[in-house]
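# Reading the structure
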Amino acid sequence: MAPDYEVVAEFGDLMPTGVTVTDEGRIFVSFPRWGDDVPYTVAEVVNGEAVAYPNRLLNEWTGGPSGDNLVSVQSVITDPIGHLWLLDTGSHAFAPWVENGPKLVEVDPATDQVVRVVRLDAEALNPTTYLNDVRFDFSRGSGGYAYVTDSQPEGALIVVDLGAGRSWSRLRGHESTKATEQFRAIVQGIVRDNYTVGADGIAISADGSLLYYCPLSSRRLYSVPTSALTDRSLSEEQVSASVVDLGDKGCSDGLETDTAGNLYATAYEHSAVLKRDPKGVWSTVLHGPELLWPDTLAVAADGYLYVSVNQLPRTPLFNDGVDLRVPPYQIVRVNTGAQRIRLTAAG
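All residue numbers refer to positions counted from 1 along the written sequence of the respective chain. Note on the predicted model: pLDDT of at least 70 is required for a residue's local features to be given, and 80 or more for side-chain atom pairs to be given and counted; whole-chain, interface and lining totals, by contrast, use all residues. Side-chain numbers come from the whole structure's heavy atoms, not from hydrogens or water.

## Re the overall build of the chain
Put simply, the rule is: Strands here mean DSSP runs of E at least two residues long; helices mean DSSP runs of H or I at least four residues long; both are numbered from the N terminus. As a reference, a globule follows 2.2 Å times the number of residues to the power 0.38, and the radius of gyration itself is taken over C-alpha atoms. Each residue gets one of three labels from its accessible area relative to the maximum for its type: buried under 20%, exposed over 50%, partly exposed in between, using a 1.4 Å probe on protein chains only. Contacts are assigned to residue pairs with any non-hydrogen atoms lying within 4.5 Å of each other. Every accessible area reported is derived by Shrake-Rupley at a probe size of 1.4 Å, with residue values counting cover from the shown protein chains alone.
Scanning the chain from terminus to terminus reveals 2 helices and 26 strands. Taken against the 2.2 N^0.38 rule, which gives 20 Å for 347 residues, the C-alpha radius of gyration of the chain at 18 Å falls within 12% of a compact globule. In terms of overall dimensions, the chain has C-alpha extents of about 55 × 45 × 40 Å along its principal axes. Counting the 347 residues in the chain, one finds 58% classified as buried. Looking at the chain alone, contacts between residues at least 24 apart form 53% of all its contacts between residues at least 6 apart. Of the roughly 13,300 Å² of accessible surface on the chain, a fraction of 50% belongs to carbon and sulfur atoms.

Here is the structure:
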């Protein structure tokens, strides 16, 4: 039987995590520096091949403080106005981040030039912060907000006020953001008890009022009002009280949403992608038994849901130092008819 997805790109020596697609159909991917020899951590897929983006120079890093150079980009995201954002963890192989490392880098695809670099405030981070994924809302505040997951074991959500240039963390160490104790996943029949990853997947509701998120080391889906995250007058207890446990969804890495109110979640134990409709009913939109570890999801203007597949459980970092990966790594897509959420200043 033919698979219910199509392969968009394959990489023989670079392992992708993030994927995003512009309205013009340009595909961008990120290759974090987790121990492999990674010559560039962000690329555009051109004629099926990865090409350093926006240039080789920005992707060069040889250790130490990063300046504006990219250390290790976990996620790439197309924002509501079509700009590309690079989420730099500032961390090599999950080690503590280097000076000036954690940052958001905005690039205009029309010119392929960096527009700005947004560094995070000290109060938003701790020494082991690992920036994982991000969503944007330009309809609120003076310049919009970015919401970032911090996936260190204790977990957190980081709020970036793009207009004021300030950032802070919320729900650090909360039950909804931290890795579940004694967590075990069963991935393609193999028990994995070495995943201790906090808040990872993140998605925003179509009207921007809710943020959905989940730890990687968990089976629960949570939501929190964005108004609670952005209101700095609220105490942590008040923000915590606004969190809603939306129930069991299986084990997930990436999350995504669309304009119809659907939420998509990777199901990494089952090589699948699931959908939760506005009534809370779950269904399967993609299943490929050979697709080991669907990672990031991206809804594009062409109606397709794009998925990065990277064999993460076979990497040395998650496999007791042994590399059992069998390239190629892939970007695949499935036609869902979904449309990308665009929370702009005009609403």
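The structure having been displayed, the exposition proceeds.
## Considering the packing of aromatic side chains
Definition in use: The criterion for an aromatic pair is that two Phe, Tyr or Trp rings (for Trp, the six-membered ring) have centres within 6.5 Å, with stacked assigned to planes under 30 degrees apart, edge-to-face to planes over 60 apart and tilted to the rest.
Applying the stated criterion across every chain, the model contains 16 aromatic pairs. On the basis of an interplanar angle of 25° and a centroid distance of 4.6 Å, the ring pair of Phe94 and Tyr130 is categorised as stacked. Here Phe94, found in the loop between strand S7 (84-88) and strand S8 (103-108), pairs with Tyr130, found in the loop between strand S9 (113-119) and strand S10 (131-137); they are 36 residues apart in sequence, far enough to count as distant. By relative accessible area, which is 4% here, Tyr130 ends up buried. What links up through ring pairs into an aromatic cluster is the set Trp34, Phe94, Tyr130, Tyr195, Tyr268, Trp293 and Phe318.

## A short note on the environment of Gly101
Relative to the helices and strands, Gly101 is located in the loop between S7 and S8. Classification of Gly101 by relative accessible area gives buried; the value is 0%. If sequence neighbours within four positions are ignored, Gly101 has contacts with Ser66, Val71, Asp88, Thr89 and Gly90.

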